[in-house]
Amino acid sequence: MTIPFFAPDLFEADREVLLDLVHEIGTAPDQKFILGERTARFEEALRTSLGAADVVACSSGTSALTLVLHAMEVGPGDEVVVPAYGCAPLANTVANLGATPVFADIDPLTMVADPEQMEQAVTGRTRALMPAHMFSVMADMPRIREIARRHGMRLVEDSAVAQGGVLDGIPAGTWGDAGVFSFVQVKTFGTAGEGGAVVTMDPGLGQTVRTLRNHGQDARFVYGRTGYNSRFDEVLAAFQLHRLPGFPERLERRARIAGYYTERFTPLRDRGVTPPPPGRNGRCYYVYSLLADEREALREHLAARGVASHVHYPLPLPHQPAFARFAPSGRSWPHAESVARRQLAIPVHPHLTDAEVERIADAVCEFAAGRRDR
Ligand SMILES: *Cc1c(COP(=O)(O)O)cnc(C)c1O
C-alpha cells in the first residue's frame, strides 16, 4: 500500500456536515450562494483570531493577490519584487496587471526570498515587495518589512501556504500592508474546493478589496471602479467555520510530524539529504521539503517503498517560458536553480499514522545510508 501524498479521507469526518450544508443553503428561501451572512461570519472569525483590521474572503489565493495589487494601484510601468523560486501566481498576478515581476534569488536552505537580494532588486520603479512563505519556513519578514519601510514601498505578504504560522509572535498574513490565504485543498486550512482571503491591517485597503472582489460594485448595481468576480461561496464559508476549531490541532499534528522528520534527517546532511531547519518559530508545515543531491534516485527509492513524493517547481520562475520576458539576459539565480534541481516533498498531512511517519522516515534514512556506502 502506497502512502499517498494527500489524505484522501481529509474531509471524511465532516461528510454529513458538508452534505447537510449543501441541502440547507440550496433550499433556503433567500437562495444566497455567495457573499452571504456565512461568509461575513467566516471573515469575522478569521479577523478576530488574527487581530487584523479586515479579512475579505474571495475566490482563491491567486485572486487575493490580484485584488491586493490592484487595490495598491500596481500597473504598467511598476515593478514588484518577487522570489525567483515559487509558484506561478507570484509572477502571474503582477504580469496580468501590466506590471513587471522582478525576481530575487532565495536562501539556499529555507528556499524563501533572500532579503538582501530583494533589496538589490529595488529600482525607482519598484512599487511593492512580495515575499512568499515557502513549504516549511516563513520569509524573513522583520528584515523585509524594514526594507519596505526604508524605501517607502508597499509590502504584500504571500502567506497563501502559511495560515496558522507565527513568526516572533506575529501571525502569518499580518506582517505586510496585506497578506493572503488560500483555501485550496492542499494548503494548511484547505477546503473541499477553491477559496482565498485577503488579510489587512489597513481598513481603507480592505474596503477597496471588498468592492473589487464584486465587480467594483459600491451599491447594488452601481460601479465605482472596474473590478473582478472573486466572490466567496456560502457552502464553503459555513464548512470552513465548522472546520476552524479543529485547525490548531491539525496544524499541531503536522508540526509534530515535521519535527520528527527533522530530528531523523538532520544527521543526513553530509550524505546529500538536507531537511529544513529545526524549531517552531516562523514555521508553517504546508509541505515537508527535503533538498536531495540525488533527487530522482531518492524519488525512485521512496516510490519502490510505497511512499509518494512531489517535486514542487522543477524550474525557477524566471526560467519558465511564461516569464522568460521578465528575465534579463545574462542574469542567473543560482540558489533558485540549485533548489529546483534538488527539492523533494514527502507526505506531512495530519492523517498520517505514527507507523506511516516512521516508515517514511526509515525509507529516507535507508536511502541516505546506501549513498554513503557507495
Ligand atoms: C497556493 C499558492 C497561491 C495561490 O493560491 P490559490 O488558492 O491556489 O490560487 C499563491 N501563492 C503561493 C505561495 C501558493 O502556494
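Just so it is clear, the model here is predicted, and its values are computed rather than measured.

Asker: Which residues make up empty space enclosed by the protein, and what values do they have?
Answerer: For the coordinates displayed, the defined rule picks out two cavities of 30 Å³ or more. Computed from the structure, the largest cavity encloses a volume of approximately 180 Å³. Around the largest cavity, the lining comprises 19 residues; the ones closest to its centre are Q185, V186, R254, H349 and P350. Residue composition of the lining of the largest cavity, grouped by class: 11 nonpolar, four polar and four charged. Formed jointly, the lining of the largest cavity draws a minimum of three residues from each of two domains, domain 1 (12-244) and domain 2 (246-373). Taken together, the residues that form the lining of the second largest cavity break down as six nonpolar, three polar and no charged. Here the lining of the second largest cavity gathers at least three residues from each of two domains, domain 1 (12-244) and domain 2 (246-373).

Asker: Break down helix 7 (residues 203-212) for me, with residues and values.
Answerer: Those residues of helix 7 lying buried are L205, G206, T208, V209, T211 and L212. Each element contacted by the buried residues of helix 7 is listed here: strand 1 (54-58), helix 3 (61-71), strand 8 (178-182), strand 9 (196-200) and strand 10 (217-219). Among the residues of helix 7, the N-terminal cap falls to D202, whose side-chain oxygen and the backbone nitrogen of G204 are separated by 2.9 Å.

Asker: Give me the layout of surface pockets: which residues, what numbers.
Answerer: Taken as a whole, the largest pocket spans an internal volume of roughly 280 Å³. Around the largest pocket sit 21 residues that line it, and C87, P89, A160, V161 and K187 are the ones nearest its centre. Sorting the residues of the lining of the largest pocket by element identifies helix 3 and helix 4 (89-96) as the ones contributing at least two each. Element by element, the count of residues in the lining of the largest pocket is highest for helix 3, at three residues. Counted by class, the lining of the largest pocket contains 12 nonpolar, six polar and three charged residues.

Asker: Outline the sheet that holds strand 14 (residues 343-346), listing residues and values.
Answerer: Remark on secondary structure: sheet strands pair via backbone hydrogen bonds, oriented parallel or antiparallel. One open sheet holds the three strands; their spatial order is 12-13-14, and the pairing between them is antiparallel. The strands lining the two open edges of the sheet, one partner per strand, are strand 12 (273-274) and strand 14. The pairing of strand 12 with strand 13 (residues 288-292) spans two bridges and is classified as antiparallel. Residue pairing in the sheet places T274 in a bridge with L291 of strand 13. Here helix 10 (residues 295-304) sits on the sheet in contact with strand 13 and strand 14, set at roughly 20° to strand 14.

Asker: Can you explain the packing of helix 1 (residues 15-27) against helix 8 (residues 234-243)? Please cite residues and give values.
Answerer: One can describe the packing of helix 1 onto helix 8 by two numbers: an axis separation of 9 Å at closest approach and a directional angle of 145°. In this structure, helix 1 crosses over helix 8, and the sense of that crossing is right-handed. Together, V17, L18, L21, V22 and I25 of helix 1 and E234, V235, A238, F239 and H242 of helix 8 make up the contact between the two elements. Residues of the contact of helix 1 with helix 8, tallied by class, amount to eight nonpolar, one polar and one charged.

Asker: Residues and numbers for the side chain of T110, please.
Answerer: Examined against the element boundaries, T110 turns out to sit in the loop between strand 3 (100-104) and helix 5 (115-120). The residues touching T110, leaving out its near neighbours within four places in the chain, are M134, V137 and P277.

Asker: Give me the lowdown on the packing of aromatic side chains, citing residues and values where you can.
Answerer: One pass over the structure, following the stated rule, counts 15 aromatic pairs. Here the aromatic rings of F183 and F232 are separated by 6.1 Å at their centres, their planes lie at 65°, and the arrangement is edge-to-face. With F183 in the loop between strand 8 and strand 9 and F232 in the loop between strand 11 (222-223) and helix 8, this pair connects stretches of sequence that are 49 residues apart. You'll find F183 and F232 in the same group, each marked buried. Ring pairing ties together the aromatic residues F42, F183, F189, F232 and F247, which thus form one cluster.

Asker: Break down the side chain of R295 for me, with residues and values.
Answerer: Tracing the backbone through its elements, the reader meets R295 in helix 10. Only 3.4 Å separates the side chain of R295 from the backbone oxygen of R341, close enough to count as a polar contact. Every residue in contact with R295, bar those within four places of it in the chain, is listed here: V311, V339, A340, R341, R342, Q343 and L344.

Conventions adopted
Residues numbered from 1 in each chain as written. Predicted model: local features only at pLDDT ≥ 70, side-chain atom pairs only at ≥ 80, totals over all residues. Heavy atoms only, no water. 1 Å grid on protein atoms, 1.4 Å probe; cavity = no way out; pocket = protein on both sides within 12 Å on 5 of 7 lines; lining within 4 Å. Points joined across faces, edges and corners; volume = space filled by probe spheres on them. Nonpolar A, V, L, I, M, F, W, Y, C, P; charged D, E, K, R; others polar. Domains from an automatic or database assignment. Buried < 20%, exposed > 50% of the residue type's maximum accessible area, 1.4 Å probe, protein only. Helix = DSSP H or I, 4+ residues; strand = E, 2+ residues; numbered from the N terminus. Contact = heavy atoms within 4.5 Å. Polar contact = N/O pair within 3.5 Å; in protein donor to acceptor, adjacent residues only side chain to side chain. Pairing = 2+ DSSP bridges. Axes fitted to C-alpha atoms, helices over the stretch in contact; angles between N-to-C directions. Left-handed = near helix turned anticlockwise from the far one by under 90°. Phe/Tyr/Trp six-rings, centres within 6.5 Å; stacked < 30°, edge-to-face > 60°.

So, to be careful, I would describe these as geometric facts and stop short of saying anything about function.
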